[in-house]
Amino acid sequence: DAYREYMAGLDLFGKDYAQAEVHLRRAIEIEPEYFWPRLQLYYTHFNQGQYDKGDAVLQNLLPHRERCSPFERLWLDLMQADKAGRSADRVALMRQAEKLEPTEPVVQYHIGMFALAINRPQVAVTAYGKTNFPTSWLKYQFGTWPFRHLSQAHHMLSNYAAELAEAQRGRQHYPDDLGLRVTEARALAALGRLGEMNRVVEESLSLPSNDSNSPVDVLYETALERRAHGHKEEVLAMARRAVAWVRSRHPNVAGSPAMRKA
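It should be emphasised that the depicted structure is a prediction, and the values quoted were computed from it without experimental measurement.

## Here we look at the overall build of the protein
- When its secondary structure is counted, the protein shows 15 helices and zero strands.
- By the compact-globule yardstick of 18 Å for 262 residues, the protein fits well, its C-alpha radius of gyration being 20 Å.
- Its C-alpha atoms give the protein principal-axis dimensions of roughly 60 × 40 × 35 Å.
- For the protein, buried positions account for 47% of its 262 residues.
- For the protein, restricting intrachain contacts to residue pairs at least 6 apart in sequence, the fraction spanning at least 24 positions comes to 54%.
- Taken as two groups, the 33 positive and 32 negative side-chain charges of the protein have centres that lie 4 Å from each other.

Okay, here's the thing in structure tokens:
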């Protein structure tokens, strides 16, 4: 029963954090010593910037450290590194986890994500190249994240064609994901393929917003990329369009967290 609740929470992770929390807490109530729902609950709060709530989950786990497996203890150490903002330590901890579980995709995923945070995009590309993320991830909303991170790594390395390929590969599985539209439009902007870029932007304007992204993000990131390549007039036009788009929405939508960039 606890496992079923944990899997229900995992299914909603990254898509509906409030409902994910409900299932994860049920899993913990059923089996208080079950480590993984507690870890997922921590990141449910952490990913929303609810650091005090995340820390409460961590503090409840720490007294049980000796009953954890070596692999689980590394995740406890990782949570503490998250709390302290020790970005380089996070990569080192996942390298230790890699020695324990060399074929575990979630370890390579985190190595890549944390490497990006310390400006090591080639490390991310190498980590993601070590594993084909399992098809089971594709049923989850967080299955978009490896595509996004790898696209970002390629962008940082100025490998814009590879960035575009990864974004489009992800979009085959998640056609309505705005985060992947951001990476696709950004890559097209960097490549100067403006007709295709404008098509992606237009399509994005009709997609639903979520807790992480809105159509404004597509306009915003595309404008930044064109500015980086010296096209200031395009940037002003896109910025005006983004502001007009937000103002045309219902006040509840215009004031949502996803719209704050505008």
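Back to the text.
## Some thoughts on the environment of A189
- Along the chain, A189 falls in helix 11 (residues 178–191).
- Put simply, A189 and L205 are 16 residues apart on the chain and 17 Å apart in space, counted from C-alpha to C-alpha.
- Those residues within four positions of A189 in sequence are excluded, and the remaining contacts are M197, T222, E225 and R226.

## What to know about the pattern of salt bridges
- One pass over the structure, following the stated rule, counts 17 salt bridges.
- Between E98 and R95 there is a salt bridge; the shortest N-O distance is 3.3 Å. One end of the pair, E98, and the other, R95, are both in helix 6 (residues 87–100), three residues apart, so they sit about a helical turn from each other.
- Here R95 falls in the partly exposed class, since its relative accessible area comes to 31%.
- In this structure, E98 engages K130 in a salt bridge whose closest nitrogen and oxygen atoms are separated by 3.1 Å. You can see E98 sitting in helix 6 and its partner K130 sitting in the loop between helix 8 (121–129) and helix 9 (144–156), a full 32 residues away along the chain.
- Linked through salt bridges whose partners overlap, the residues forming this network are R95, E98 and K130.

## Things to note about the packing of aromatic side chains
- What the rule picks out here adds up to 17 aromatic pairs.
- Ring geometry for W36 against F71: centres 6.1 Å apart, planes inclined by 45°, an arrangement best described as tilted. Placement of the pair is W36 in helix 3 (residues 35–46) and F71 in helix 5 (residues 70–84), with a sequence separation of 35 residues.
- Judged by relative accessible area, W36 falls into the partly exposed class, the value being 23%.
- Residue classification places F71 among the buried residues on the basis of a relative accessible area of 14%.
- With 6.3 Å between their ring centres and 75° between their planes, W36 and W75 make a pair best called edge-to-face. Note that W36 is positioned in helix 3 and W75 in helix 5, a separation of 39 residues in sequence.
- Through a chain of ring-to-ring contacts, three or more aromatic side chains come together here, namely F13, Y17, Y109, Y128, W137, Y140, F142 and W145.

## Comments concerning helix 9
- Taking 1.5 Å as the rise per residue, helix 9 with 13 residues should run 18 Å; its terminal C-alpha atoms sit 19 Å apart, in good agreement.
- Among the 13 residues of helix 9, eleven are classified as buried, and the element is accordingly described as predominantly covered.
- Turning to helix 9, its buried residues number three or more, namely T144, W145, P146, F147, R148, H149, L150, S151, A153, H154 and H155.
- On its buried side, helix 9 packs onto helix 2 (17–30), helix 7 (105–117), helix 8, helix 10 (160–173), helix 11 and helix 13 (215–228).

## Quick notes on unusual backbone geometry
- Phi angles above zero are rare outside glycine, and N119 is one such case at about 60°.
- Secondary-structure assignment places N119 in the loop between helix 7 and helix 8.
- The phi angle at S158 is positive, at roughly 65°, despite the residue not being glycine.
- One can find S158 in the loop between helix 9 and helix 10.

Conventions and cut-offs
Residues numbered from 1 in each chain as written. Predicted model: local features only at pLDDT ≥ 70, side-chain atom pairs only at ≥ 80, totals over all residues. Heavy atoms only, no water. Helix = DSSP H or I, 4+ residues; strand = E, 2+ residues; numbered from the N terminus. Rg over C-alpha atoms; globule rule 2.2 N^0.38 Å. Buried < 20%, exposed > 50% of the residue type's maximum accessible area, 1.4 Å probe, protein only. Contact = heavy atoms within 4.5 Å. Lys, Arg positive; Asp, Glu negative; His and termini not counted. Charge placed at Lys NZ, Arg CZ, Asp CG, Glu CD. Salt bridge = Lys/Arg side-chain N within 4 Å of Asp/Glu carboxyl O. Phe/Tyr/Trp six-rings, centres within 6.5 Å; stacked < 30°, edge-to-face > 60°. Expected span 1.5 Å × (residues − 1).

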